[in-house]
Amino acid sequence: MPVKSLFGKLADGTEIHSWALENGGTRLEVLSYGGIVRSLEIPDRAGRLANVSLGFGTIEEYVERTPYFGALIGRYGNRLGAGRYTLDGETHRVDVNDGPNSLHGGAQGFDRRVWDVEPFEDGEDVGLRLSRTSPDGEMGHPGTLAVRVTYTLTADGGWRIDYEATTDRPTVVNLTNHVYWNLAGEGSGPVTDHELSIAAARYTPVGPGLIPTGELAEVAGTPFDFRTAKEIGRDLRVADPQVLHGQGYDHNWVLDKGVTDEPVPVAFLRDPSSGRTLTVATTEPGLQFYSGNFLDGTLTGPGGRVYRQGDALCLETQHFPDSPNQPSFPSTTLRPGETYRSTTVHTFGS
């Protein structure tokens, strides 16, 4: 059964707890603050465990400095251009926290909220059910949104995330998780030698502020072609306008499979030094691959190591950025009587 302990307190005295769970050789630690994955330990080819996710040692660092390390993201993951969208003829202005745009739900998104956490065991699985109710108007979004996110460690050591949400008014929803991966181990240096493949023949180019232009561009002949596995660093310094926009990779890949009822494998990551691998399967139509471009050496992990540019990467399963403002993108609208559902499964190997 997951083990609960006190991790720290917020400035107002609210206690933040840590939950530790283990199954199938994988160890996971989750905080009630932001639903944050503080650590995720998996074995290498010699059976040695290492934490492969970036994080902090104290609650104060998560509150004051975090770039979304390991956090639950909502109500709207990724960006909303100009901090607004129109739904059923009504324009909603949401919190702006990334230049003129809204990023990951605003300055007080789901990553900065305290979640109710319920541990469970289900057969050979063990996990946590995280829940909260986002009130009507929170960060500018309409509707009271009831959210439940389930983290499950399976018998084979996989980590599954199931998202559910309902609303009492039409709204938009796009939930994801923002783990920063380094399969060689947290704080071990750059991930440019990690090999990545993504099952996507197209991606969504961006303009200023990393807002999609609306185009679905072919990856063929560009640095964005990961249909065959390649080192992340191979094309990272190619003078491509889109690479320059993101200061590396910070784009949404249009997954070939589209929206599916069951998770389908879409990405494979391998660290040659440790032999650790990660397979990502999802029901979502998009994947944001971010190559850790904005880690700038000002953050220190729990192991006392400084995080620098390219020391981790993110693989955020999602609907596309700015979808409410892009009619040609898959819809993120949720209406009363409907249930938002999304699943992502992480499978580890060595």
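The numbers attached to residues start from 1 for each chain and follow its sequence in the written order. It should be noted that, the model being predicted, local features are given only for residues of pLDDT at least 70 and side-chain atom pairs only at 80 or more, the latter also being counted only at that level, while totals for whole chains, interfaces and linings use all residues. Values shown for side chains rest on all heavy atoms present in the structure; no hydrogens or waters enter the calculation.

Colleague: What am I meant to see in the overall build of the protein chain here?
Modeller: When helices and strands are tallied, the protein chain shows two helices and 29 strands. Values of the radius of gyration come from C-alpha atoms, whereas the globule rule sets the reference at 2.2 Å times the count of residues to the power 0.38. Its C-alpha atoms give the protein chain a radius of gyration of 19 Å, within 12% of the compact-globule value 20 Å for 350 residues. For every residue, the accessible area obtained with a 1.4 Å probe (protein chains only) is divided by the maximum for its type, and the residue is called buried under 20%, exposed over 50%, and partly exposed between those limits. Here the protein chain holds 350 residues, and the buried ones make up 57% of them. Residue contacts follow a heavy-atom distance rule, with two residues in contact if any of their heavy atoms lie within 4.5 Å. Taking all contacts inside the protein chain whose residues are at least 6 apart in sequence as the whole, residues at least 24 apart take part in 65%. Methods summary: accessible areas were calculated by the Shrake-Rupley approach with a probe of 1.4 Å, and residue burial reflects only the protein chains presented. In the form shown here, the protein chain has an accessible surface area of approximately 13,500 Å², with 46% of it arising from carbon and sulfur atoms. As used throughout, the charge tally considers Lys and Arg to be positive and Asp and Glu to be negative, leaving His and the chain termini uncounted. Charge coordinates come from a single atom per side chain, which is NZ of Lys, CZ of Arg, CG of Asp or CD of Glu. In the protein chain, 30 positive and 46 negative side-chain charges are present, and the distance between their average locations comes to 2 Å. Secondary structure follows DSSP: runs of H or I at least 4 residues long count as helices, runs of E at least 2 residues long count as strands, and numbering of each begins at the N terminus.

Colleague: How should the nonpolar core be read in this particular structure?
Modeller: Membership of the largest hydrophobic core comes to 55 residues, with the highest contact counts inside it found for L40, Y151, W159, W181, I198, W253 and F289. Considering every element that reaches this core, the biggest residue donor is strand β13 (residues 145-153), with five residues. Once residues lying within four places of it in the same chain are set aside, the contact partners of F289 are L196, I198, F226, I232, Y249, D250, H251, W253, L313, C314 and L315. For our purposes a nonpolar core is just a set of buried Ala, Val, Leu, Ile, Met, Phe, Trp, Tyr and Cys residues, chained together by side-chain atoms within 4.5 Å. The next biggest cluster of nonpolar side chains, apart from the first, holds 22 residues, and it includes F56, F69, I73 and L295.

Colleague: Help me out: how do you make sense of the packing of aromatic side chains in this one?
Modeller: We call Phe, Tyr and Trp rings a pair once their centres come within 6.5 Å, taking the six-membered ring for Trp, and we label the pair stacked below 30 degrees between planes, edge-to-face above 60, and tilted otherwise. Applying the stated rule across the entire model yields 22 aromatic pairs. Taken together, a centroid distance of 6.0 Å and an interplanar angle of 85 degrees make the contact between Y180 and Y290 edge-to-face. In this pair, Y180 sits in the loop between β16 (176-177) and β17 (195-198) while Y290 sits in strand β24 (residues 286-290), placing the two residues 110 residues apart along the sequence. Considering the side-chain rings of F226 and Y249, the 5.3 Å spacing of their centres and the 75 degrees angle between planes classify their relative orientation as edge-to-face. Of this pair, F226 sits in the loop between β19 (217-218) and β20 (230-231) while Y249 is found in the loop between α2 (241-246) and β21 (250-254), placing the two residues 23 residues apart along the sequence. Grouped by ring-pair contacts, the aromatic residues F7, F56, Y62, F69, Y180, Y290, F294 and Y307 constitute a single cluster.

Colleague: I would appreciate a short explanation of the pattern of salt bridges in the present structure.
Modeller: As a working rule, side chains carrying opposite charge can pair if their charged atoms are close by. The salt bridge definition used is simple: a Lys or Arg side-chain nitrogen within 4 Å of an Asp or Glu carboxyl oxygen. Taken as a whole and assessed by the stated rule, the structure comprises 16 salt bridges. A salt bridge links D98 to R79, with the shortest nitrogen-to-oxygen separation between them at 3.1 Å. Of this pair, D98 sits in the loop between β9 (90-93) and β10 (102-103) while R79 sits in strand β7 (residues 79-80), placing them 19 residues apart in sequence. Taking the relative accessible area as the measure of exposure, D98 reaches 24% and is therefore partly exposed. For R79, a relative accessible area of 9% puts it in the buried group. Here D88 makes a salt bridge to R335, at a shortest N to O gap of 2.8 Å. Remark: R335 occurs in the loop between β28 (333-334) and β29 (340-349) and D88 occurs in the loop between β8 (84-87) and β9; sequence separation between them is 247 residues. Taking the relative accessible area as the measure of exposure, D88 reaches 55% and is therefore exposed.

Colleague: What am I meant to see in unusual backbone geometry here?
Modeller: Leaving glycine aside, a negative phi is the common case for residues, and trans is the common case for peptide bonds. Along the chain, G74 connects to R75 via a cis peptide bond; the corresponding omega equals 0 degrees. Among the structural elements, R75 can be located in the loop between β6 (72-73) and β7. With phi around 55 degrees, D88 is a residue other than glycine that occupies positive phi space. The phi dihedral of H104 is positive, around 55 degrees, even though this residue is not glycine. One can find H104 in the loop between β10 and β11 (116-122).

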